[in-house]
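The primary structure of each chain is shown beneath.
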Amino acid sequence: MKTNYAAILSFLLLMGLTYFSFYTHKPQSVSGPDTPLTEFSTARAMVYVDSLAQKPHAVGMPAHGEVQNYIVQTLEEMGLEVEVQSDFAYKPGWGALSRAENIIARIPGSVGEQTLLLMSHYDSAPHTASHGASDAGSGVAAVLESIRAFLAQDAPAKNNIIILFTDAEELGLNGASVFVNQHPWAKEVNLALNFEARGSGGPSNMIVETNGGNGGLIKAFAQANPSHPYANSLMYSVYKLLPNDTDSTVLRENGDIDGFFFAFIGDHFDYHTANDIASRLDRESLEHQGRYLTALLDYFKDANLNLKADQDYVYFNVPLLKMVYYPFSWITPMLILAWILFFVVLIYGLRKQQLRIMGVLRGFLPLLISLILAYGISWGWKAILALDPAQSDILQGFPYNGYELLAGFVAITLAVTFYVYKLFYRPNDAASLSFAPVFFWLLIATGVGVYLEGASFFVIPVYFALLAVFLILRSNKPNLFLLTLLCAPALFIVAHYIKEFPVGLGLKMLVAATALSVLLFGLLLPVMGYYSMKGRLATLFLLVSIGAFISAYAKSDFTEERRFPSSINYVHDLTSNKAFYATYNTHIDSWLAEILGENPKPASEIFDSPGSGKYGSRFSYAKETEIQFVAPSQVYTETDTVINGERNLRFTVFPQRNVGDMILLSPKETRFIKLNFNGQEVEAREGEEAPLADRNSDYLLSYRLSNREPLEVSLTIAEADSLRFTLLDFSYDLLENPDFGLTSRPANSMPMPFVNTDALITIQDIQF
C-alpha cells in the first residue's frame, strides 16, 4: 500500500473515531410503545410529556393546577398514596418568595432502613409562555414511567423509595426548600436522583452533589452501569466553583443529602422559551434520562445508600470502557510521571539522533501561530453580532444556527492549522513537531492539577502521545494504523469539549472551541505529521467551513420555528404620574417599532427603572405614552408600634388586579433588625450583622403570587431610622388588554426569556 493511501485511511479512521465518540454519548434509538410493561418506554413517557406540556404552567397560572392534578391522578392510578405539601418559601440571595405545592408519594421498602429519593420539578418557567416540555416535563415523565415500570415488575425493594415532584423550582428552588426543611420524610433520605434540562436535546450530563468527597458516589454510579454514562469531573469541579442553583443543591446544603442530577443542555436556545414544547424535545435525550433512571433505580433499590466519603475521584466516560475513575491522590504522581516520561522520550530521541534541539524548538512556532490565529478566528462571533445584532437578543448566547456556526469556525480553524503546518512540513518531522503540543498539554494538566483537580484527566492523552512519539523514534517506519489508534484517547477525552463549552455557555466561549481544536490537532501530530496532504486537508476543511457558514446564513432569519425573542412592557410610575412603553431588546424589530418607533431613545434617558427579571436586567429602550388606568396594589398597616427604641411594623399589600409578581425595594442603607415575608423569616447570611445588611442594591424581594394571595411584611428597625419602599406590580396581560390596542406578536416572535415581559407594571412609593 502506498503511503498516500495509508494516510487517507488513517485520516478516515480518525474521523471515524471522532464520530464514534460522539455517537456513544447518548442512545441512538428509543424504546417504542411495544416495549414490555416491565421496562421503560420513551414512547409511553412521551404520553406523559404531551399531557404535562399542553399549556404554560408556571406557579400562579391556571394550568399549574391542571398539571398538579394530572400528576396526582397518575400516581394514584399506580396505586400510590399521594400527598400535596403546601407552604411558602423564601430563597436567600435571590430574594424569591412564593408558595410551593410539592407532590409526594412513597413506596415502602422490605427493610426500609434507607431511603432513595427520585425527583424532578413540575412548574414551567414564568413570563415566557414556556410549556415546560423539556424543563422539566422530561424529568417528571422519566420518573413517572420508571416508577410505573418498576411497580409492574412486582419485585420488592429493600430500600424505601420516595417520589418527589417539587414546585416553584423556577422561582427560587422553593419547593425543594419546603420539602427538606419541613417534611419529616426528608430526614430519612440518604440519596437523591434529580432529573432536569437546560435545553431540549443532547446527551444528559451526570453531576454529583455532595458536601464531602465524591468517591463513594462515583463507584456506585459505575457499578450501577448505565448504558450511556456521560460524566466527567471537570464539569463537577467547575460546578462546585459556581453559584449553581438546582433542587439538588438545596437538599445538599439544607439536608446534607448526597445525590446525582442529570440534565441535557443541547439546543440551549429553547431553554425557558415558548419553544420548549413536546415536539421539540429530543426523544433520544428522554431515552437517555430513562436509561439512567432505570439502571440506577434497579441498583440503588437494594444497595447501601450511605455513600459519604472523604476522598474525591477524577472520573470521565470513554466509549466501550464507560466510566474511568481514580482518586485525587493519584493526580500528583501521574503528573510527575508524565513530566519524567516527556524528558525520557526527548533524551532518547536526542541520543538516537532522531531529534535535534532546534527541531524540537522549531515545533513551537506552528503551534503558537495556529493558537494566535485561532484566537483571531474566535472574534468572528463578535463580527456576526455586529452585522446581525438581533442575534444578541437570544439571551442564552447560543443562536438557532449555533451548531452550524460552531462547525464553521472549528473547520476554518483546522483549515488554517493544516495550512500552517504544511508550511513547516519536512519529511519525518512528526516526532519533532509533537513535543510542543505535548509540552502545552503538560502545562495544562499541571495547572488544572493545582487549581481545577477534576480536569486532571487531561494528562492521560499525553501518555498516549508520548508512546506514539517513542514508537516513531524507535522505528524508522512506524505502523501508521497503530499510531492512529493511539490518538483515540485524545479524541475520546478532548473532542466533545469543543462542542460542549459553546453549547452550554454560549458562543462567547468560541475561543475555547478554536483553541481546543488546535491543541487537539497537536495531540494528533504523531499521525498527522506524516501526512504530506496537509494542503489538501486544509482545502477540505476550508470547503467544510464555507458549507457550514452558508448553512448558518440560511438559518439566520427568524421564522415560526426559530422565533425572535421580544419584550414589551407598559410602565406607569405613580410618583411622577408618567407612563412608558419599555423593552429589554437591543434590536428593535418591526413589531416593536410599531410601539416604540423606529429609533427609540435609551430607557435611561427617559426614566429611572429598577432592575427586574432573573438577572436584575434594566430596560434598554423606552417611549413615553399616555396614561391608562392600571389599578395599583393597596397597602394596609396592621400594626406600627415602638418598644424600647425599636419600631415594629406589620403591613399587608393587597393586589387590585391579577398581579403575577411583586417586587419590593428599599434603599440599601436601610437596616432591618428583623424582617419577615409571609411568615418566612429572613435570616442574616454568613458575615452579615442583620438581615440583608450587605445588599449591593435596593432589591429586597420578588414575590410570585398564587390566587392573589397578599404580601404580608413584618419588620423591626431602629426608631430613628426612616423607612421607605418602592413596590412594582406586574400583571401579564398587556397584549390581551383592549385599552392598549396593541397588535399581537407576529408568528416569528415569542416572549423574551429571563425577564418580565408583556406586563402592565405599576411603580409606587410607600412611605411609613
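Refer to the preceding data block for the structure.
A quick note: this is a predicted structure, and the numbers were derived from the prediction, not measured.

Sorry, what's going on with the overall build of the protein here?
On a plain count of helices and strands, the protein comes out with 23 helices and 24 strands. Relative to its full complement of 768 residues, the protein shows a buried share of 59%. Taking contacts inside the protein between residues at least 6 apart in sequence as the whole, the part at least 24 apart equals 81%. Here the protein has roughly 31200 Å² of accessible surface; of this, 56% comes from carbon and sulfur atoms. The protein carries 53 positive and 75 negative side-chain charges, and their two centres are separated by 14 Å.

Could you clarify how one ought to interpret the packing of helix α13 (residues 364-378) against helix α20 (residues 510-523) in this entry?
Each pair of packed helices can be described by the angle between their axes along with the distance between the axes. Between α13 and α20, the least distance of the axes is 8 Å, while the angle of their chain directions is 155°. It follows from the interaxial angle that α13 and α20 lie roughly antiparallel. Crossing handedness for the pair α13 and α20: right-handed. Counting all contacts with α13, which are made through L367, S370, L371, A374, Y375, I377 and S378, the residues of α20 involved are L510, V511, T514, A515, V518 and L519.

Please clarify how the side chain of R657 should be interpreted in this entry.
Tracing the chain through its elements places R657 in the loop between β16 (646-654) and β17 (661-665). We note that R657 is buried and unpaired, the nearest opposite charge coming from D729 at a distance of 4.3 Å. Reaching out from R657, the side chain makes a polar contact with the backbone oxygen of D729 at a distance of 3.2 Å. Among all residues touching R657, those that are not within four sequence positions of it are V630, A631, P632, R708, D729, F730, S731, L760, I761 and T762.

What's the story with α13 in this structure? I'm lost.
An α-helix turns once every 3.6 residues. As a result, residues three or four positions apart point the same way. Helix length check: α13 (15 residues) gives 21 Å between terminal C-alpha atoms against 21 Å at 1.5 Å per residue, within 8%. Of the positions making up α13, those classed as buried are P366, L367, S370, L371, A374, I377 and S378. Down the axis of α13, the buried set is contained in an arc of 135°. They therefore lie on one face. Buried residues along α13 sit against α12 (357-362), α14 (380-387), α15 (402-423), α16 (430-451) and α20.

How do you make sense of the packing of helix α11 (residues 331-351) against helix α17 (residues 460-474) when you look at a structure like this?
Put simply, α11 and α17 touch, their axes get as near as 10 Å, and they point 15° apart. When the axis of α11 is compared with that of α17, the two are roughly parallel. Considering how the two elements wind past one another, α11 and α17 form a crossing that is left-handed. Contacts between α11 and α17 pair M334, L337, A338, L341, F342, V345, Y348 and G349 from the former with I460, Y463, L466, V469, F470, L473 and R474 from the latter.

Would you mind going over the packing of aromatic side chains with me for this structure?
Each aromatic ring pair is characterised by the separation of its centres together with the angle its planes make. Inspection of the entire model under this criterion finds 52 aromatic pairs. Ring geometry for F221 against F260: centres 5.8 Å apart, planes inclined by 35°, an arrangement best described as tilted. You can see F221 sitting in helix α7 (residues 215-224) and its partner F260 sitting in strand β7 (residues 258-266), a full 39 residues away along the chain. According to the relative accessible area criterion, F221 is buried, its value standing at 0%. Ring geometry for W339 against F342: centres 6.1 Å apart, planes inclined by 75°, an arrangement best described as edge-to-face. On the criterion of helical spacing, the pair formed by W339 and F342 is a turn pair, its members being three residues apart in helix α11.

Sorry, what's going on with the environment of S722 here?
You can see S722 is positioned in the loop between β21 (711-718) and β22 (724-731). Separated by 55 residues in the primary sequence, S722 and P667 have C-alpha atoms spaced 10.0 Å apart.

What counts as what
Residues numbered from 1 in each chain as written. Predicted model: local features only at pLDDT ≥ 70, side-chain atom pairs only at ≥ 80, totals over all residues. Heavy atoms only, no water. Helix = DSSP H or I, 4+ residues; strand = E, 2+ residues; numbered from the N terminus. Buried < 20%, exposed > 50% of the residue type's maximum accessible area, 1.4 Å probe, protein only. Contact = heavy atoms within 4.5 Å. Areas by Shrake-Rupley, 256 points an atom, 1.4 Å probe, with all protein chains shown as cover. Lys, Arg positive; Asp, Glu negative; His and termini not counted. Charge placed at Lys NZ, Arg CZ, Asp CG, Glu CD. Axes fitted to C-alpha atoms, helices over the stretch in contact; angles between N-to-C directions. Parallel < 35°, antiparallel > 145°, perpendicular 65-115°, else oblique. Left-handed = near helix turned anticlockwise from the far one by under 90°. Salt bridge = Lys/Arg side-chain N within 4 Å of Asp/Glu carboxyl O. Polar contact = N/O pair within 3.5 Å; in protein donor to acceptor, adjacent residues only side chain to side chain. Expected span 1.5 Å × (residues − 1). Arc of directions from axis to C-beta. Phe/Tyr/Trp six-rings, centres within 6.5 Å; stacked < 30°, edge-to-face > 60°.

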